[in-house]
Amino acid sequence: MINLTLSRRYAKALLAIGQEDQNFKTYGQELADFVASLKEYPQLLEALVNPVYPTAARRSVLEGVLSRSGYSRVVQNFLLLLQDKNRMRLLEEISQVYGLLVDELSGIMRASVTSAAALGAEFEERVKATLEKLTGKKIILEVKEDSELIGGLVARVGDLVLDGSVRNQLKSLKDSLKGVG
């Protein structure tokens, strides 16, 4: 919980700077790119966060990477600040929170739709349109399959969960039958 609070604080601070200079989308992409690099090269993350290495050496490694990165000065300074504050382990979470804040600012919501079988492109578009109408925002849809649903689908948009699965309907029927008698 403390990590999420810290991540939100750092993400909001970077977003405020990005809103001032209108580069908030660029900053988000640069953060996401750096996180992807750390995933691709886990030894780099290890070199940046392992307390066995002196603080100055860890900072020097980061400065070397950033000097060849082409990232904006703001993102470079932000990453150096995270390094100095020993918060580099939070970078992935900060990047995720930042992305959600940018989406919110841009009027975008992410939705997850889980179905028992693959949905056709036309049906996906209908689901997306329905969710956009329901929320009043542009929806980015992520579709997953889960055969345990038996049929129907479950849509999650923010805190809203719409469960129209056969599994849920059977559970409701079972619960109502238990209550009878």
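Structural data are supplied above this passage.
Parameters and conventions
- Residues numbered from 1 in each chain as written.
- Predicted model: local features only at pLDDT ≥ 70, side-chain atom pairs only at ≥ 80, totals over all residues.
- Heavy atoms only, no water.
- Helix = DSSP H or I, 4+ residues; strand = E, 2+ residues; numbered from the N terminus.
- Expected span 1.5 Å × (residues − 1).
- Buried < 20%, exposed > 50% of the residue type's maximum accessible area, 1.4 Å probe, protein only.
- Contact = heavy atoms within 4.5 Å.
- Salt bridge = Lys/Arg side-chain N within 4 Å of Asp/Glu carboxyl O.
- Pairing = 2+ DSSP bridges.
- Axes fitted to C-alpha atoms, helices over the stretch in contact; angles between N-to-C directions.
- Parallel < 35°, antiparallel > 145°, perpendicular 65-115°, else oblique.
- Nonpolar A, V, L, I, M, F, W, Y, C, P; charged D, E, K, R; others polar.

This part covers helix H5 (residues 73-84). The first and last C-alpha atoms of H5 sit 16 Å apart over 12 residues, in line with the 16 Å expected at 1.5 Å per residue. Turning to H5, its buried residues are Val 75, Gln 76, Phe 78, Leu 79, Leu 80, Leu 82 and Gln 83. Contacts from the buried residues of H5 go to helix H1 (2-21), helix H2 (24-40), helix H3 (42-49), helix H4 (55-67) and helix H6 (91-105). Downstream of H5 by one or two residues, Asn 86 has phi in the positive range, about 60 degrees.

This part takes up the pattern of salt bridges. Applying the stated rule across the entire model yields 5 salt bridges. Note that Glu 63 and Arg 59 form a salt bridge whose closest N and O atoms lie 2.9 Å from each other. Residue Glu 63 and its partner Arg 59 are both found in helix H4; the two are separated by 4 residues, about one turn of the helix. Residues Asp 103 and Arg 110 are paired through a salt bridge, measuring 2.6 Å at the closest nitrogen-oxygen approach. For Arg 110, a relative accessible area of 46% translates into the label partly exposed. One continuous salt-bridge network, built from bridges that share partners, spans Arg 59, Glu 63 and Asp 84.

Of all 8 residues that make up strand E1 (residues 108-115), 6 are buried, and the element is covered over most of its length. As paired strands, E1 and strand E2 (residues 138-145) are joined by 8 bridges and run parallel to one another. Residue pairing for E2: Ile 108 is matched across the bridge by Lys 138. Bridging between E1 and strand E3 (residues 153-157) involves 5 bridges; their strand directions are antiparallel. In the sheet register, Thr 114 faces E3, and the bridge partner there is Val 154.

Right, let's get into the packing of H2 against H3. As a packed pair, H2 and H3 sit with axes 4 Å apart at the nearest point and diverge in direction by 105 degrees. In terms of their interaxial angle, H2 and H3 are classed as roughly perpendicular. Taken together, the residues of H3 that come into contact with H2 (itself represented by Phe 34, Leu 38, Lys 39 and Glu 40) are Pro 42, Leu 44, Leu 45 and Leu 48. Of the residues belonging to the contact of H2 with H3, the class tally is 6 nonpolar, no polar and 2 charged.

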